[in-house]
Amino acid sequence: MSTSTMPAADKVGERAREILTAITTDPEFPAFEAATLEYSSDWQCFTGFPTISEWNLDTDKAPLFAEGLRAIALKAAAFELTGSETDAELALPVPVDEMTHAMIAQPQLLARIADRAGFALIHQTDQEHTDYTGGEYTHAAYVVAWGTEPPARYWLDKAEVDRRLGILAEKYDSIGFARSGREHAITF
């Protein structure tokens, strides 16, 4: 994403706020929320949610769900205003991006909500940017949209995520999970 080709962050923020309101007032939103949060039994990523300090599925899933919704709304607003799927892949922090994956795993519900709310869902793994840094474009649009700073617990800068991933990799290696949980030598 080149910020020189992006609309002003305030325009993205304003539209994102409208999109989020449409999502959360949709008649199928309660079912979408319940389905997404039930997906928790499949949240097996070793490099997304575990970057949150003292991660706890039970206490973190609801606030992280709220942040995932905000991320989806920001990306949808960016796409609407740019027409570019590439530019709409805004920089997100790893834990928030992971939550958007749980949301996308509810394709029928989310597609119907998006259709009624009048937005296009944007997500393509090979195009995503998990290089969020506070003070940059996504941060500015977030602050405009919701009038507050993103919660630092979930909106981790890429440098901090990389540092935490190094710590996690060492711990995973020490118990036999190589490549941050992407392989092991356990025989069953």
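In this report, the structure presented in the accompanying data block is examined.

**Digging into unusual backbone geometry**
A positive phi angle, near 50°, is found at E54, a position not held by glycine. Among the secondary structure elements, E54 is positioned in the loop between α2 (29-38) and α3 (57-82). The class for E54 is exposed, based on a relative accessible area of 73%.

**A look at the packing of α2 against α3**
Where α2 meets α3, the axes come as close as 11 Å, and the angle between the chain directions of the two elements is 120°. For the element pair α2 / α3, the angle class is oblique. Remark: the crossing between α2 and α3 carries right-handed chirality. Across the interface between the two elements, F29, F32, E33, T36 and L37 of α2 pack against K61, F65 and L69 of α3. In the contact of α2 with α3, the residues fall into 5 nonpolar, 1 polar and 2 charged.

**So, the nonpolar core**
Among the nonpolar cores identified, the biggest contains 45 residues, and F32, F65, L69, L74, F119 and W146 are the most heavily contacted of them. Of all the elements in the fold, those that place two or more residues in this core are α1 (9-24), α2, α3, α5 (94-104), α6 (107-117) and α7 (137-146). Of the residues forming this core, the biggest block, 10 residues, is contributed by α3. Sequence-distant contacts of W146, defined by excluding residues within four places in its chain, comprise A16, L20, R70, A73 and L74.

**A word on the packing of α3 against α7**
In contact at an axis separation of 11 Å, α3 and α7 are set at 105° when each is read in the N-to-C sense. Relative to α7, the element α3 lies roughly perpendicular. Of the residues in α7, those touching α3 at E67, R70, A73 and L74 are T138, A141, Y142 and W146. Counted by class, the contact of α3 with α7 contains 5 nonpolar, 1 polar and 2 charged residues.

**Details of the packing of aromatic side chains**
One pair of aromatic rings is described through two measures. These are the centre distance and the angle between the planes. This structure, assessed with the given rule, holds 7 aromatic pairs. An aromatic cluster of at least three residues, connected via ring pairs, comprises Y132, Y142, W146 and W155.

**What about the pattern of salt bridges?**
Evaluation of the coordinates by the stated rule reveals 11 salt bridges. For the salt bridge of K75 with E89, the shortest nitrogen-to-oxygen distance reads 2.9 Å. Taken together, the residues span a long stretch of sequence, with K75 in helix α3 and E89 in the loop between α4 (85-88) and α5 at a distance of 14 residues. Residue K75 is classed as buried on the basis of its relative accessible area of 3%. By relative accessible area, E89 is classed as buried at 2%. Its salt-bridge partner being E160, residue R163 comes within 2.8 Å of it at the nearest N-O pair. With R163 and E160 both in helix α8 (residues 158-174) and 3 residues apart, the pair spans about one turn of that helix. According to the relative accessible area criterion, R163 is partly exposed, its value standing at 48%. Salt bridges sharing common partners tie together D26, E28, R112 and R116.

Quick notes on the rules
- Residues numbered from 1 in each chain as written.
- Predicted model: local features only at pLDDT ≥ 70, side-chain atom pairs only at ≥ 80, totals over all residues.
- Heavy atoms only, no water.
- Helix = DSSP H or I, 4+ residues; strand = E, 2+ residues; numbered from the N terminus.
- Buried < 20%, exposed > 50% of the residue type's maximum accessible area, 1.4 Å probe, protein only.
- Axes fitted to C-alpha atoms, helices over the stretch in contact; angles between N-to-C directions.
- Parallel < 35°, antiparallel > 145°, perpendicular 65-115°, else oblique.
- Left-handed = near helix turned anticlockwise from the far one by under 90°.
- Contact = heavy atoms within 4.5 Å.
- Nonpolar A, V, L, I, M, F, W, Y, C, P; charged D, E, K, R; others polar.
- Core = buried A, V, L, I, M, F, W, Y, C linked by side-chain atoms within 4.5 Å.
- Phe/Tyr/Trp six-rings, centres within 6.5 Å; stacked < 30°, edge-to-face > 60°.
- Salt bridge = Lys/Arg side-chain N within 4 Å of Asp/Glu carboxyl O.

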